[in-house]
Amino acid sequence: MAGGLYAQESASKHELFVGYGFAPIASIPEPDLPVDVMVNAPYSTDNKRFSETINVGYLFHVSDPLAIGLSYSHNTVKRDVVLGSSVPLAEIKNTCHTLMVTGKYSWLRLKQFSFYSRIGVGIMSVEKGKMDIFDVSSEYMNLSSATMERDKCIVWQAMPIGVEWNFMQHLALFAEVGAGSAGCGMAGVKILF
């Protein structure tokens, strides 16, 4: 009876969540780097590194198993600037803000635990990058003329397996596994009301 009661209550619940995403993946636009006039070859980027993400979101349960909502993610991405196979000459750091429409489908409920899948699609805003040149006394100073404007790209998130533990009436801990711009794994806390 308690499991049935929980399932009936969840049909009208709202969720606010805060989570930490591990190992995000996304394809972000490349900066317009200049050509090195000494060797007549373009600079390029290498060794892209995303920071972990901070994720917040809201979900509204339109039915017992289905919820829809919005999520926001914040992370940074760093890339090395190289010339051919050279050692890194500089580092570019971009800040990324992501807004996604997300959907969640709960496919199994067991007393305090529920199992679900979640997907999302949205847009990532990439802020103008900051470049740090490693050796300012070198001939690579023309790197500072690189154009790094704000840009946008489409991003996605797929979390096929998620588990939620309702340890208190209005609080739950959750963990998810999947892939996308918010992380290949995510863990956090939810407020249910």
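Residues numbered from 1 in each chain as written. Predicted model: local features only at pLDDT ≥ 70, side-chain atom pairs only at ≥ 80, totals over all residues. Heavy atoms only, no water.

J.: Would you mind going over the pattern of salt bridges with me for this structure?
T.: It is possible for side chains of opposite charge to pair when their charged atoms get near one another. If you walk through the whole model with that rule in mind, you get 10 salt bridges. In this structure, the salt-bridge partner of Lys190 is Glu15, at a minimum N-O distance of 3.3 Å. Taken together, the positions of Lys190 in strand E12 (residues 185-192) and Glu15 in strand E1 (residues 14-22) put the pair 175 residues apart, joining distant regions of the chain. The pair formed by Lys190 and Glu15 is uniform in burial state, with each residue classed as buried. Ionic pairing is found between Asp80 and Arg49, a salt bridge with its closest N-O pair at 3.4 Å. With Asp80 in strand E6 (residues 66-82) and Arg49 in strand E4 (residues 44-50), this pair connects stretches of sequence that are 31 residues apart. Taken together, the shared-partner salt bridges connect Glu15, Lys104, Glu164 and Lys190 into one network. (Salt bridge = Lys/Arg side-chain N within 4 Å of Asp/Glu carboxyl O. Helix = DSSP H or I, 4+ residues; strand = E, 2+ residues; numbered from the N terminus. Buried < 20%, exposed > 50% of the residue type's maximum accessible area, 1.4 Å probe, protein only.)

J.: For this particular structure, what's the right way to read the pairing of strand E8 (residues 113-126)?
T.: Regular strands have side chains that alternate between both faces of the sheet. Relative to E8, strand E7 (residues 90-110) is paired through 14 bridges, and the arrangement is antiparallel. Across the sheet, the residue bridging to Met100 is Gly122, located in E8. Strand direction decides the pairing type here: E8 and strand E10 (residues 151-165), joined by 13 bridges, are antiparallel. Across the sheet, the residue bridging to Ile119 is Ala158, located in E10. (Pairing = 2+ DSSP bridges.)

J.: Mind showing me how you'd approach the packing of aromatic side chains here?
T.: The description of two aromatic rings rests on the distance between their centres and on the angle between their planes. Summed over the entire model, instances satisfying the criterion amount to 5 aromatic pairs. Judged by centre distance (6.0 Å) and plane angle (80°), the ring pair of Phe17 and Phe174 falls under edge-to-face. Residue Phe17 is found in strand E1, and its partner Phe174 is found in strand E11 (residues 171-180); the two are separated by 157 residues along the sequence. The exposure classification of Phe17 matches that of Phe174, with both residues buried. Between Phe113 and Trp165, the ring centres sit 6.3 Å apart and the planes meet at 15°, which makes this aromatic pair stacked. (Phe/Tyr/Trp six-rings, centres within 6.5 Å; stacked < 30°, edge-to-face > 60°.)

J.: Please clarify how unusual backbone geometry should be interpreted in this entry.
T.: Keep in mind that most residues, glycine aside, have a negative phi and that most peptide bonds are trans. At Ala23, a residue that is not glycine, the phi angle is positive and equals roughly 50°. By secondary structure assignment, the location of Ala23 is in the loop between E1 and strand E2 (35-36). For Asn47, which is not a glycine, the phi torsion comes out positive at approximately 60°. Locating Asn47 in the fold gives a position in strand E4. For Asn47, a relative accessible area of 40% translates into the label partly exposed.

J.: Is there a simple way to explain empty space enclosed by the protein in this structure?
T.: It is the rolling of a water-molecule-sized probe over the atoms that shows where space remains empty. This structure, assessed with the given rule, holds 2 cavities of 30 Å³ or more. A volume near 40 Å³ is recorded for the second largest cavity. For the second largest cavity, the full set of lining residues is Phe17, Asn55, Ser71, Met100, Thr102, Arg118, Ile119, Gly120, Gln157, Ala182 and Met186. Mapped onto the lining of the second largest cavity, the elements with two or more residues apiece are E7 and E8. Ranked by the residues each element gives to the lining of the second largest cavity, the list is headed by E8, at 3 residues. Classifying every residue of the lining of the second largest cavity by side-chain character gives 5 nonpolar, 5 polar and 1 charged. (1 Å grid on protein atoms, 1.4 Å probe; cavity = no way out; pocket = protein on both sides within 12 Å on 5 of 7 lines; lining within 4 Å. Points joined across faces, edges and corners; volume = space filled by probe spheres on them. Nonpolar A, V, L, I, M, F, W, Y, C, P; charged D, E, K, R; others polar.)

J.: Please clarify how the nonpolar core should be interpreted in this entry.
T.: Soluble globular proteins: nonpolar side chains tend toward being buried together. In terms of nonpolar packing, the biggest core is built from 18 residues, with Ala26, Ile28, Met124 and Val155 touching the most fellow members. Among the secondary structure elements, those contributing two or more residues to this core are E6, E7, E8 and E10. When sequence neighbours within four positions are dropped, the list of residues in contact with Ala26 reads Lys48, Phe50, Met124, Val155 and Ser181. Counting residues in hydrophobic clusters, the runner-up holds 12 residues, among them Leu33, Ala90, Ile92 and Leu143. (Core = buried A, V, L, I, M, F, W, Y, C linked by side-chain atoms within 4.5 Å. Contact = heavy atoms within 4.5 Å.)

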